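# Structural description and commentary
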Amino acid sequence: MKSTIFKYAPGFLSCAVIAVIAQGIAKFFPSIGAALFAIAIGVVCGNTFLNKPSFDAGTRFSERSLLEYSIVLTGATLMLSDILALGLNGLAFIACQMALTVTVAYWIGRKMGFGKKFSLLMGAGNAVCGSSAIATVSPVVKADSKDKGISITIVNVTGTILMVVLPVVTGILYQHEVMHTSAMIGGTLQSIGQVIASAQLVGGPVVETATIFKIIRIVFIVLVALVYSRMDAERDDAPLFAKRESGERKEVKAGVPWFIIGFFIMAVLHSVGLIPAPLSQAAKLVSQQFEIIALAAIGMRVKFKDLVAEGPKAMLYGVSVGTCQVLFALVLIRVFIG
């Protein structure tokens, strides 16, 4: 127990301190908000004096686990009517956006000379939920650790860039109207942390609505894994959906993450009145603190050396897919949301 605490403490405490500093600075620049300051300070610290292996475990915990807890607590602040407000048009937007993203990621990857497995990982990572989706489908396509590592890096970098760009785009195009802005941010960005960070730059109900868009995408990871299980990723010269020999089947282990289930349970409890208003407000406050700490961790885990190591070709691949995602979203928002 004590060894576990010492393992996580350096990284977690660093992120917590950065979060406090970011919120202090944000009081003087309320239009910018604590989210961007937390990420920016995290990037600077994580690439300078805090760039040590001893911080990795704590920052990994802060980025992943605290965000998961934050999402569960967010459910305690929402009603089922808020979630259902997306409607069939919202679901259709998400489904089309994801299908187009997987398709274009695979097509661009193959045109640029990347292998099937790497291209499919890039498709899942960009379409669903970043590194979590890549980890889920990697065993399905039997990807090696190198393809997995590179795709996670490129997807996260692409999402970090879009995280800052999209609030500017939605401000120009939609004047930050809630549903349109939320669809763009929640339907495009790669990880749940990036969605929350980007939505925080806009503020207001966009944070909750964009999170709902993202959560629906995460639920769809089950369908993506099932589709991938029907593909032939082993032979680069064979069609993607080539017929396999009889009896050859892939075991698919994909399920809805625990924190998504927790989110919906909390939303149901709140909707039926089992979570009183003071408790809901406390959940929102704690959730916001977890978010800022997690965003500081996201910043600390962006390493400049990783970007240089992947090379310009891989980076061009990621930026190309991200650009296509934004263009798809612009069209689909117009079609399904108006």
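Residues numbered from 1 in each chain as written. Predicted model: local features only at pLDDT ≥ 70, side-chain atom pairs only at ≥ 80, totals over all residues. Heavy atoms only, no water.

## Let's talk about unusual backbone geometry
A positive phi angle is found at Gln175, which is not glycine, with a value near 50°. Here Gln175 lies in the loop between helix 8 (145-174) and helix 9 (178-188). If you check the backbone angles, His176 has positive phi at about 60° while not being a glycine. (Helix = DSSP H or I, 4+ residues; strand = E, 2+ residues; numbered from the N terminus.)

## Digging into the environment of Ile152
Turning to its location among the elements, Ile152 is positioned in helix 8. Overall, Ile152 belongs to the partly exposed group, its relative accessible area being 21%. Along the sequence, Ile152 and Met122 sit 30 residues apart, while their C-alpha atoms lie 8.0 Å from each other. (Buried < 20%, exposed > 50% of the residue type's maximum accessible area, 1.4 Å probe, protein only.)

## Some remarks on the packing of helix 7 (residues 131-141) against helix 8
Where helix 7 contacts helix 8, the axes come no closer than 9 Å and their chain directions differ by 155°. Between helix 7 and helix 8, the angle is such that the two are roughly antiparallel. The crossing of helix 7 and helix 8 is right-handed. Mapping the contact onto sequence places Ser131, Ile134, Ala135 and Ser138 in helix 7 and Lys148, Ser151, Ile152, Val155 and Asn156 in helix 8. (Axes fitted to C-alpha atoms, helices over the stretch in contact; angles between N-to-C directions. Parallel < 35°, antiparallel > 145°, perpendicular 65-115°, else oblique. Left-handed = near helix turned anticlockwise from the far one by under 90°. Contact = heavy atoms within 4.5 Å.)

## Let's talk about the confidence of the model for the protein
Model confidence for the protein is summarised by a mean pLDDT of 86, while 93% of its residues fall at 70 or above. Looking at the elements of the protein, mean pLDDT is at its lowest for helix 7, recorded as 81, and at its highest for helix 9, recorded as 95. (pLDDT = per-residue confidence, 0-100.)

## Notes on a positive patch on the surface
On the surface, a cluster of positive charge is contributed by Lys7, Arg60, Arg64 and Lys148. Considering the arrangement of structural elements, one finds Arg64 in helix 3 (residues 56-75). (Patch = residues over 30% accessible without salt bridge, like charges linked within 9 Å, V, L, I, M, F, W, Y side chains within 5 Å. Areas by Shrake-Rupley, 256 points an atom, 1.4 Å probe, with all protein chains shown as cover. Salt bridge = Lys/Arg side-chain N within 4 Å of Asp/Glu carboxyl O. Lys, Arg positive; Asp, Glu negative; His and termini not counted. Charge placed at Lys NZ, Arg CZ, Asp CG, Glu CD.)

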